[in-house]
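Examining the three-dimensional arrangement
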Amino acid sequence: MTQDQKMHGQDFVRFAIEAGVLRFGDFALKSGRRSPYFFNAGLFNSGAALARLGQFYARALVESGLGVDMLFGPAYKGIPLAAATAIALADRHDRDLPYAFNRKEAKDHGEGGRIVGSPLKGRVLVIDDVITAGTSVRESVELIEGAGARLAGVLIALDRRERGTAGLSATDEVAARHGVPVISIASLDALIEFMSLNPEYGDFTPELRGAMQTYRLQFGVTDRGGT
């Protein structure tokens, strides 16, 4: 990872905190774990916030160097993320990529079908907020491959870097299962580093920083494929 990419992740963490999307406390996760932080991309809920969010996604994609032909946003949270990224790519990087998203249920009238937007073809990038169990990615892959296209990669906002059942993180499991890269704007490591570099920022008390370190030691992986 380059220094510019590290700074990009740090800038995103600051943005997410200021937007109220990244919060700290004691949260119960679907996995049953208790977490000292919580990330809810649904709270990027204004035009200005969504526009800036799209710029973060677009820059992460461009800096990755990954070749893609179109974007796909899984319903529901992925829909505005894919749209915002497509706009930012066109406005900031002169890349006019088509995008599409799916309906939860197929429509049996009008144009019909489950896919809205551009037809799925070529190398498709899935855009989502986070990866937990990888269910959204699996469902997306079924739609993408069913249309004769192929998955090029997955782009998410925050990689929690938590161990799954096989000892890999959820993002590593998705990457291994589908043989594609998973790109993230920021990770748990970037969040903890931001807290260390900005102890006066927000409510970054020594107790909270300690809880974050403990959480990473208990549940996290520190690099791809390792603990």
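Our structure's up above, just so we're on the same page.
Computed from a predicted model, the values in this text were never measured in an experiment. Residue numbers here run from 1 along each chain, matching the order of that chain's written sequence. At least 70 in pLDDT is required for a residue's local features to be given in this predicted model, at least 80 for side-chain atom pairs to be given and counted, and no such filter applies to totals for whole chains, interfaces and linings, which use all residues. Here the side-chain values reflect all heavy atoms present in the structure, with hydrogen atoms and water set aside.

**Some words on the pairing of strand β7 (residues 150-159)**
- Per-residue accessibility, obtained with a 1.4 Å probe over protein chains only, is compared with the maximum for each type, and a residue is labelled buried under 20%, exposed over 50%, and partly exposed between these values. Numbering goes from the N terminus for both helices and strands, where a helix is a DSSP run of H or I of at least four residues and a strand is a run of E of at least two. Among the 10 residues that make up β7, 9 are buried, leaving the element largely enclosed by the rest of the structure.
- A strand pair is defined by DSSP finding two or more bridges across the two strands. For strand β6 (residues 123-127) and β7, the ladder comprises 5 bridges, and the chain directions are parallel. Looking at the pairing, Val124 lines up with Leu151 of β7.
- Direction of pairing for β7 relative to strand β8 (residues 182-187): parallel, over a ladder of 5 bridges. Looking across to β8, one finds that Val154 is bridged to Val182.

**A short note on the packing of helix α6 (residues 188-197) against helix α7 (residues 206-219)**
- Only C-alpha atoms enter the line fits that serve as axes; for helices the fit covers just the stretch in contact. Angles between N-to-C directions range over 0 to 180 degrees. Contact geometry for α6 and α7: axes closest at 10 Å, N-to-C directions at 155°. The orientation of α6 with respect to α7, classified from their angle, is roughly antiparallel. Here α6 and α7 pass one another in a crossing that is left-handed. Side by side, α6 and α7 meet where Leu188, Asp189, Leu191, Ile192 and Met195 of the first sit next to Leu208, Arg209, Met212, Gln213 and Arg216 of the second.
- When residue character is reported, Ala, Val, Leu, Ile, Met, Phe, Trp, Tyr, Cys and Pro are called nonpolar, Asp, Glu, Lys and Arg charged, and the others, Gly included, polar. Across the contact of α6 with α7, the residue classes tally to 6 nonpolar, 1 polar and 3 charged. Angle categories: roughly parallel below 35 degrees, roughly antiparallel above 145, roughly perpendicular from 65 to 115, and oblique for all the rest. Each crossing is labelled by how the near helix is turned from the far one, with a counterclockwise turn of less than a right angle marking it left-handed and a clockwise turn marking it right-handed. The contact criterion used throughout is that any non-hydrogen atoms of two residues lie within 4.5 Å.

**A closer look at empty space enclosed by the protein**
- Cavity: a set of points on a 1 Å grid over the protein atoms alone where a 1.4 Å probe fits but cannot get out. Pocket: an open set with protein on both sides within 12 Å along at least five of seven lines, its lining residues, like those of a cavity, having an atom within 4 Å of a point. Grid points are joined across faces, edges and corners, and a volume is the space filled by probe spheres set on the points. Inspection of every chain in the model, using the stated rule, returns 1 cavity of 30 Å³ or more.
- Approximately 50 Å³ is the volume attributed to the largest cavity.
- If you trace the largest cavity, you find it lined by Pro74, Ala75, Asn102, Arg114, Ser136, Glu139, Ser140 and Leu143.
- For the lining of the largest cavity, the leading source of residues is helix α4 (residues 135-146), giving 4 residues.
- Partitioning the lining of the largest cavity into residue classes produces 3 nonpolar, 3 polar and 2 charged.

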